Amino acid sequence: MIALLLRDLRLAIRAGGGFGLGLAFFLIVTVLVPFGVGPEGGTLAKIAPGILWVGALLACLLSLDRIFALDFEDGSLDLLATAPIPLEAVVTMKAAAHWLTTGLPLVVAAPVFGVLLNLQGEGFFWLTVSLALGTPALSVIGTFGAALTVGLKRGGLLLSLLVLPLYVPTLIFGAETVRRGTEGMETGAPLMLLAGITAASVALLPFASAAAIRVNLR
Amino acid sequence: MSIWEYANPKKFMQTSAWALPWVTGLAVVALVGGLIWGFFFTPDDYKQGSTVKIIYIHVPSAMMAINAWVMMLVASLIWIIRRHHVSALAAKAAAPIGMTMTLIALFTGAIWGQPMWGTWWAWDPRLTSFLILFLFYLGYIALWEAIDDPDTAADLTSVLCLVGSVFALLSRYAVNFWNQGLHQEASLSMDAEENVADVFWYPLLVCIAGFVLLFVTLVLIRTRTEIRSRRLKALEARERMA
């Protein structure tokens with residue numbers, strides 16, 4: 001399992017594109033928003049939590065179809081499916097690799113981008129915490145979507161359509177945590193619910209993803 | 001005699017052919033009767049005027065939008081567990097109907113909301129969760145359309161339906177948490193203290209029955225069409241082989 005994780009990480013880093021692409025996309029979204037809504041600090045500070053969360057979510061979405069597509073094309077997914085480790089573990093490792101290459105850089109970079117959007121005071125802390133807790137859920141849910149669409153020729157757009165509604169609860173609780181944190185309100189409830197979604201997704205969704213992959217490899 | 005006999009497509013076709021005219025007839029009677037009763041023979045509300053009458057379409061379609069998804073969930077479970085093809089086809093047949101019901105509920109709600117709330121749309125929890133439900137229907141139908149092999153499509157959409165149900169429920173409560181609403185609370189529950197008045201209640205019941213029957217009719221027709229198109233494909237394949 002560790003070997004698989006390291007292999008995926010190496011592939012993601014050395015093949016180029018995958019690693020920095022999500023981050024660059026996130027930056028562009030953050031830069032485009034002030035052009036759209038105007039440079040006024042108050043407005044930006046007000047919408048910053050939501051924009052940062054939506055941007056991180058879209059950046060995550062961008063790299064989802066790479067999770068299984070290449071392995072499916074060159075046949076390594078068949079080998080992984082017949083390997084002595086359960087397919088559920090393979091799927092979990094794939095999601096972990098996706099999180100390490102996409103989610104984690106987003107978590108680290110988000111506070112910097114927060115400066116661009118005039119995020120206020122406590123917001124930086126809560127943004128980092130909520131993204132750190134929430135992005136694993138995004139990766140795991142996205143892996144499920146990628147597993148559903150792996151056999152399709154043009155699965156990219158369909159993948160977005162399937163995954164985005166599933167992202168709704170995570171987005172709501174994540175952005176709500178930052179918003180409350182920025183306004184100095186109690187953040188315990190949304191943060192715990194966010195952590196709950198992540199924990200449940202990580203625990204249960206790999207089974208659904210593995211089932212979908214088995215169907216697609218049949 | 002068990003319910004699983006209807007998993008046999010032949011048996012299903014026979015029984016549904018016999019039942020279809022009856023269900024259709026009852027649906028027409030209940031819908032026409034309920035709507036005419038509701039539209040012409042109930043008084044105007046003292047606050048809302050005649051706009052209250054949109055309730056006869058809005059409430060039943062909203063109920064069916066949710067019930068259609070529940071039916072798809074049950075059918076998907078049956079497909080996954082017992083692998084009866086009729087069940088998978090029924091789930092496929094129900095999805096566009098449920099989506100249409102969701103749209104009807106959203107549109108009639110908007111038409112009612114404009115004069116009453118002064119806005120076509122508000123990010124109210126109920127409205128928002130219906131919009132999300134609509135997106136779930138879209139994704140489910142798109143996945144059916146995208147996959148060529150019927151069994152693979154049935155399997156994958158079933159898994160999506162199961163996972164989607166959990167997330168749809170989760171979204172419903174997340175949205176509640178996110179924003180306070182304009183929409184009135186449930187007014188048809190059996191245990192609520194303040195319910196809709198009896199004059200509106202009886203025609204509404206008839207309309208709900210009409211929508212349920214309409215849904216059953218449409219699902220039966222669409223499932224029969226799916227079975228027939230499946231048979232046609234088998235025949236064509238056999239001809240090509242010969």
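Residues numbered from 1 in each chain as written. Chains lettered and ligands numbered in written order. Predicted model: local features only at pLDDT ≥ 70, side-chain atom pairs only at ≥ 80, totals over all residues. Heavy atoms only, no water.

Caption draft 1: Spotlight on the UniProt feature "transmembrane region" (unreviewed entry) in chain A. As annotated by UniProt and renumbered to match this structure, "transmembrane region" (unreviewed entry) occupies residues 12-35, 47-64, 96-117, 123-150, 157-175 and 187-213 of chain A. With 100% helix and 0% strand, residues 157-175 of chain A has end C-alpha atoms that lie 25 Å from one another. (UniProt positions renumbered as here; feature names shortened; annotations may be inferred. Helix = DSSP H or I, 4+ residues; strand = E, 2+ residues; numbered from the N terminus.)

Caption draft 2: A look at the pattern of salt bridges. Residues and elements named next belong to chain A. All chains considered together, the criterion is met by eight salt bridges over all chains. The salt bridge partner of K94 is D71, with a shortest N-O separation of 2.2 Å. Here the residue K94 occupies a position in helix α6 (residues 87-116), and D71 occupies one in helix α4 (residues 66-73), the gap between them amounting to 23 residues. With relative accessibility at 3%, the residue K94 sits in the buried group. (Salt bridge = Lys/Arg side-chain N within 4 Å of Asp/Glu carboxyl O. Buried < 20%, exposed > 50% of the residue type's maximum accessible area, 1.4 Å probe, protein only.)

Caption draft 3: Inspection of the confidence of the model for chain B at higher detail. Put simply, chain B has an average pLDDT of 86, and 91% of its residues get 70 or more. With pTM at 0.88, the complex prediction returns an ipTM value of 0.87. (pLDDT = per-residue confidence, 0-100.)

Caption draft 4: Representation of the interface of chain A and chain B within the structure. Of the residues lining the interface, 26 residues belong to chain A; the matching set on chain B comes to 26 residues. On the surface where chain A and chain B come into contact, there are one salt bridge. The salt bridge involving R218 of chain A is made with D155 of chain B; its shortest N-O contact spans 2.9 Å. Of all the elements, helix α8 (residues 156-182) of chain A adds the most residues to the side of chain A that touches chain B, at 11 residues. Of the residues in the side of chain A that touches chain B, the class split is 21 nonpolar, two polar and three charged. (Contact = heavy atoms within 4.5 Å. Nonpolar A, V, L, I, M, F, W, Y, C, P; charged D, E, K, R; others polar.)

Caption draft 5: How the structure looks around the nonpolar core. Of all hydrophobic cores here, the largest spans 106 residues; its most connected members are F68 and F144 of chain A together with M72 and Y140 of chain B. In this structure, Y140 of chain B is in contact with L162 of chain A together with M72, S76, A91, K92, A95, T157, L160 and C161 of chain B, ignoring residues within four places of it in sequence. With eight residues, the next largest nonpolar core counts V52, I55, V59 and C207 of chain B among its residues. (Core = buried A, V, L, I, M, F, W, Y, C linked by side-chain atoms within 4.5 Å.)

Caption draft 6: Looking closely at a nonpolar patch on the surface. All names here are of chain B. A cluster of nonpolar residues, V28, V32, I36, W37, F39, F40, F41, Y202 and L205, forms a patch on the protein surface that exposes about 910 Å² of accessible area. Of all the secondary structure elements, the ones that give two or more residues to the nonpolar patch are α1 (9-40) and α6 (198-241). A total of six residues in the nonpolar patch trace back to one element, the largest contributor, which is α1. Considering the arrangement of structural elements, one finds V28 in helix α1. (Patch = residues over 30% accessible without salt bridge, like charges linked within 9 Å, V, L, I, M, F, W, Y side chains within 5 Å. Areas by Shrake-Rupley, 256 points an atom, 1.4 Å probe, with all protein chains shown as cover.)

Caption draft 7: Just the environment of L64 of chain A, in detail. Residues and elements named next belong to chain A. Take L64: it is sitting in the loop between α3 (41-62) and α4. A relative accessible area of 0% places L64 in the buried class. Distance from L64 to A200, taken between C-alpha atoms, is 20 Å for residues 136 residues apart in sequence. Once you skip the residues sitting within four places of it in the chain, L64 turns out to touch H98, G142, T143, A146, L159, V163 and Y167.

Caption draft 8: Representation of the side chain of S61 of chain B in the model. Residues and elements named next belong to chain B. Counting through the fold element by element, S61 comes out in helix α2 (residues 55-82). For S61, a relative accessible area of 0% translates into the label buried. In this structure, S61 is in contact with M101, I104, A105 and F211, ignoring residues within four places of it in sequence.

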